[in-house]
Amino acid sequence: MQQRVGNCCSNPHCRCLTTGPNHNPEKATNIGVAAHITAASENGPRYDASLSSEDRSSILNGIWLCQNCSKLIDSDQNTYTVGLIQRWKAHSEEMTRLSIEGRELKPDQQYEGYFCPHCDTFCKTGVSVCLGCNSDIYYGSTPAAWRQDVQIGMMTSALLYIAILLFLPDHLNSQINTSFPLFLGLPFMVFFITGATITILSGIWFAKKKDTERRSNPPLFVRGRH
């Protein structure tokens, strides 16, 4: 397995070298591990009861990874499924084969981009739909996250607006010995329109802020109904 992937981690987002020199000139440092795709024992990650003991110990049921990625796939088996790990393995072996043949990557892979976590298709930065499985690609907030952020921002600002107008008159009256009425005496329509405007703008501002924060992270691939 190690040789078939050129001594690199098979995670396409990692691809680190797994061996290198050691301080001892007669030794090498190895951070690679032959990990099981489906677990060798019951209750292990991605265990498949239909496999024989020979199948579980076969090279076909293994993948070469660095120690970090080996721990990663076993810590979240719902994300790192059998299908995804098998695609990692096939992709890494293909990359190695192209390398030893002295061939360059395909033109659509000579750009910055991301591998779809659902089908492992390479997607160039800026593309909005995965060509492999038609997943929607979001560089920031998804529509659902945007709506939720707007609602959170609106609710927070509405509560703050009401609290300020409710408690500010009492505070001013006690501090400067005045007699401001409740809600500062604003007519109902002025109170309502001002509050609605502040609430809506605050909701949009909060959603844009969260969207900007998410854009600093890798995009989110969401399977839709295409």
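Worth saying up front: this structure is predicted, and the values here are computed from it rather than measured.

Caption draft 1: How the structure looks around the overall build of the protein chain. Secondary structure summary: the protein chain contains five helices and eight strands in total. Going residue by residue from the N terminus, the α and β elements of the protein chain occur as β-β-β-α-β-α-α-β-β-β-α-α-β. Across the 226 residues that make up the protein chain, the buried fraction comes to 29%. Sequence separation of 24 or more characterises 58% of the internal contacts of the protein chain that already satisfy a separation of 6 or more. Per element, the accessible surface of the protein chain, about 14,700 Å² overall, is 58% carbon and sulfur.

Caption draft 2: Expanded view of the pairing of strand S4 (residues 62–66). Where burial is concerned, most of S4 is hidden: five out of the five residues are buried. The two faces of S4 match: Gly62, Trp64 and Cys66 on one face and Ile63 and Leu65 on the other face are all buried. Across five bridges, the pairing between strand S3 (residues 32–36) and S4 is antiparallel. Looking at the pairing, histidine 36 lines up with glycine 62 of S4.

Caption draft 3: Local environment of helix H3 (residues 82–100). Compared with an ideal rise of 1.5 Å per residue, which puts 19 residues at 27 Å, H3 spans 27 Å between its outermost C-alpha atoms and is within 8% of the ideal. When we look at burial in H3, the residues that qualify are Leu84, Ile85, Trp88, Lys89, His91, Ser92, Glu93, Thr96 and Leu98. Where H3 is buried, its residues touch S4, helix H2 (67–75) and strand S5 (113–115). Trailing H3 by a residue or two, glycine 102 shows a phi angle of about 70 degrees, which is positive.

Caption draft 4: Layout of the state of the cysteines. For the structure on display, the rule yields zero disulfides. Not engaged in a disulfide, the cysteine cysteine 66 finds its nearest cysteine sulfur in cysteine 69; these two sulfurs lie 3.6 Å apart.

Caption draft 5: Summary view of the pattern of salt bridges. Going through the model one piece at a time under the given rule, you end up with eight salt bridges. A salt bridge links arginine 46 to aspartate 74; the shortest N-O distance between them is 2.8 Å. Of this pair, arginine 46 sits in the loop between S3 and helix H1 (53–57) while aspartate 74 sits in helix H2, and the two are 28 residues apart along the sequence. Since its relative accessible area comes to 8%, arginine 46 is described here as buried.

Caption draft 6: Local environment of the environment of aspartate 211. Here aspartate 211 lies in helix H5 (residues 188–214). Taking the C-alpha atoms as reference points, aspartate 211 and threonine 142, 69 residues apart in sequence, are found 8.7 Å from one another. Apart from residues no more than four positions distant in its own chain, aspartate 211 is found in contact with Tyr139, Gly140, Ser141 and Trp146.

Caption draft 7: Summary view of H2. Of the residues making up H2, those classed as buried are Cys69, Ser70 and Ile73. Along the axis of H2, the buried residues cluster in a sector spanning 105 degrees; they form a single face. H2 presents Asn68, Lys71 and Ser75 as exposed residues on the side facing more than 90 degrees away from its buried surface. Contacts from the buried residues of H2 go to S3, S4 and H3.

Caption draft 8: Quick look at the side chain of arginine 46. A distance of 2.8 Å separates polar atoms of two side chains, one belonging to arginine 46 and the other to aspartate 74. Excluding residues that lie within four positions of it along the chain, arginine 46 makes contacts with His36, Ile37, Thr38, Ala39, Ile73, Asp74, Gln77, Tyr80, Thr81, Val82 and Ile85.

Caption draft 9: Just the nonpolar core, in detail. By size, the foremost hydrophobic cluster in this structure holds twelve residues: Cys9, Ala35, Ile37, Ile63, Leu65, Cys66, Cys69, Ile73, Tyr80, Leu84, Ile85 and Trp88. Taken together, the elements giving at least two residues each to this core come down to S4, H2 and H3. If sequence neighbours within four positions are ignored, isoleucine 73 has contacts with Ala35, His36, Arg46, Leu65, Tyr80, Ile85 and Trp88. Cys119, Cys123, Ile137 and Phe221 belong to the second largest nonpolar core, which has six residues in total.

Scoring rules and cut-offs
- Residues numbered from 1 in each chain as written.
- Predicted model: local features only at pLDDT ≥ 70, side-chain atom pairs only at ≥ 80, totals over all residues.
- Heavy atoms only, no water.
- Helix = DSSP H or I, 4+ residues; strand = E, 2+ residues; numbered from the N terminus.
- Buried < 20%, exposed > 50% of the residue type's maximum accessible area, 1.4 Å probe, protein only.
- Contact = heavy atoms within 4.5 Å.
- Areas by Shrake-Rupley, 256 points an atom, 1.4 Å probe, with all protein chains shown as cover.
- Pairing = 2+ DSSP bridges.
- Expected span 1.5 Å × (residues − 1).
- Disulfide = S-S within 2.5 Å.
- Salt bridge = Lys/Arg side-chain N within 4 Å of Asp/Glu carboxyl O.
- Arc of directions from axis to C-beta.
- Polar contact = N/O pair within 3.5 Å; in protein donor to acceptor, adjacent residues only side chain to side chain.
- Core = buried A, V, L, I, M, F, W, Y, C linked by side-chain atoms within 4.5 Å.

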